[in-house]
Amino acid sequence: MNKIFEIILIITVLVSCKNGKSENTQTPSKTEFQEIITDNYELSKPTENIKAVLILFPGFANKAIDTKREFKIIEITKHNNIAVIYMNYNQKLWLVKDEKLKLAEQLQKILLKNELPITDVYIGGYSSGGNISFLISSFLNENKNFNFKPKGVFMVDSPIDLAALYKSSEKNLERNFSEVSVTESTWIIETLDKRLGNPYNNISKYQEYATYTSETNNIDNLKGLKNTKIRLYTEPDTLWWKENRMADYDQLNSYYIKRLSKDLKESGFNQVEYIPTENKGYRENGDRHPHSWSIVEKEDLMKWITQ
């Protein structure tokens, strides 16, 4: 009888130890993410405990798929429980009033429909998408009809000065150095001539729509961002641009982004960070290009958002 009792006791202890070990080695559950794809945007969001929302605008003619390929930020945002909205909104260098209104309505519907927090929204964009990010963020902050206000906005090497872009394109056509540059410059001049006229004759039209007009130090379209966190990313690699496009420094986005930073700070914008980078610009396929999403240090951007 004692022998049987001893065997039962040993079995009980072994089972107890096994269960205890199982409990101690159990890994904590990870937050699940939901992926939503629509014609207008793609969304990756935590199913619970969303800390913030990051809205990303692509460059001209790019889409969400291009942003996801070139700006691999998703793993970091998932680690920080941040929802990411990749917009398909493109082919815009500026926004007229009706376009601002429609885009603001679209963004608000996206946030509300997907039950995303509206108190911690950050907006950023690459190239022309940076122009859109700044213009729509300023509009949202000034417009009481919308119940969310961006806490931070950033641009990645954006062509902010439309008048300067027109004049730079004229130089590129005169030099006739690069096929890529000539094709792009021809399109820019034709588009700006048709929509805004010639900046030599009517700079006021450019001031009305551009993110920034350096000739007159005009930042009127950004006045809604005075109390918003701002980051200006650019890579002023003058040697690359000279060798590949025969472009001078005062033709580069970098030149006008630096001037914008100075004008904003002098106008009382006290949360402006000008972030010039060096040798970070590479496309996803490995090609060296200073005009790229890759100039953004992703971990540092997350700290800027979460802190």
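Here goes a summary of the coordinates provided. Here the structure is a predicted model, which is why all the values come from computation and not from measurement. (Residues numbered from 1 in each chain as written. Predicted model: local features only at pLDDT ≥ 70, side-chain atom pairs only at ≥ 80, totals over all residues. Heavy atoms only, no water.)

### Looking at the packing of helix 6 (residues 162-175) against helix 7 (residues 179-196)
One can describe the packing of helix 6 onto helix 7 by two numbers: an axis separation of 9 Å at closest approach and a directional angle of 135 degrees. Regarding the angle of helix 6 to helix 7, the classification is oblique. Classified by chirality, the crossing of helix 7 by helix 6 is left-handed. Together, Leu162, Leu165, Tyr166, Ser169, Glu170, Asn172 and Leu173 of helix 6 and Ser181, Val182, Ser185, Thr186, Ile188, Ile189, Leu192, Asp193 and Leu196 of helix 7 make up the contact between the two elements. In terms of residue class, the contact of helix 6 with helix 7 is built from nine nonpolar, five polar and two charged. (Axes fitted to C-alpha atoms, helices over the stretch in contact; angles between N-to-C directions. Helix = DSSP H or I, 4+ residues; strand = E, 2+ residues; numbered from the N terminus. Parallel < 35°, antiparallel > 145°, perpendicular 65-115°, else oblique. Left-handed = near helix turned anticlockwise from the far one by under 90°. Contact = heavy atoms within 4.5 Å. Nonpolar A, V, L, I, M, F, W, Y, C, P; charged D, E, K, R; others polar.)

### Brief notes about the layout of surface pockets
Its volume calculated, the largest pocket comes out at about 1,000 Å³. Of all elements in the fold, only helix 2 (64-70), helix 6, helix 7, helix 9 (238-245) and helix 10 (253-266) reach the threshold of two or more residues within the lining of the largest pocket. The leading source of residues in the lining of the largest pocket is helix 7, at six residues. Class assignment of the residues belonging to the lining of the largest pocket gives a composition of 15 nonpolar, 16 polar and nine charged. Roughly 160 Å³ of internal volume is contained in the second largest pocket. Lining the second largest pocket are Phe60, Gln91, Lys92, Leu93, Trp94, Glu99, Trp187, Thr191, Lys194 and Arg195. Ranked by residues supplied to the lining of the second largest pocket, first place goes to helix 7 with four residues. (1 Å grid on protein atoms, 1.4 Å probe; cavity = no way out; pocket = protein on both sides within 12 Å on 5 of 7 lines; lining within 4 Å. Points joined across faces, edges and corners; volume = space filled by probe spheres on them.)

### Some thoughts on the nonpolar core
The biggest cluster of nonpolar side chains holds 40 residues, and the ones touching the most others in it are Ile55, Phe57, Ile85 and Met87. Setting aside its immediate chain neighbours within four residues, Ile85 contacts Tyr41, Glu42, Leu43, Val53, Leu54, Ile55, Leu56, Ile110, Leu111 and Leu116. Within the second largest apolar cluster, 23 residues are counted, among which are Ile76, Ile82, Tyr126 and Ile305. (Core = buried A, V, L, I, M, F, W, Y, C linked by side-chain atoms within 4.5 Å. Buried < 20%, exposed > 50% of the residue type's maximum accessible area, 1.4 Å probe, protein only.)

### Comments concerning unusual backbone geometry
Positive phi, close to 70 degrees, is recorded for Ala61, a residue that is not glycine. With respect to the helices and strands, Ala61 occurs in the loop between strand 3 (52-57) and helix 2. Even without being glycine, Glu115 reaches a positive phi, approximately 55 degrees. Mapping Glu115 onto the fold places it in the loop between helix 4 (97-113) and strand 5 (121-126).

### Digging into the pattern of salt bridges
Applying the stated criterion to the full structure yields 17 salt bridges. The salt bridge partner of Glu35 is Lys78, with a shortest N-O separation of 3.8 Å. Separated by 43 residues along the polypeptide, Glu35 in strand 1 (residues 33-37) and Lys78 in helix 3 (residues 74-79) bring together distant segments of the chain. Among the residues examined, Glu35 registers a relative accessible area of 47% and is labelled partly exposed. A relative accessible area of 26% places Lys78 in the partly exposed class. Here Asp237 ties to Arg288 by a salt bridge, and the two come within 2.6 Å at their closest N and O atoms. (Salt bridge = Lys/Arg side-chain N within 4 Å of Asp/Glu carboxyl O.)

Read these as spatial facts, not as claims about activity.
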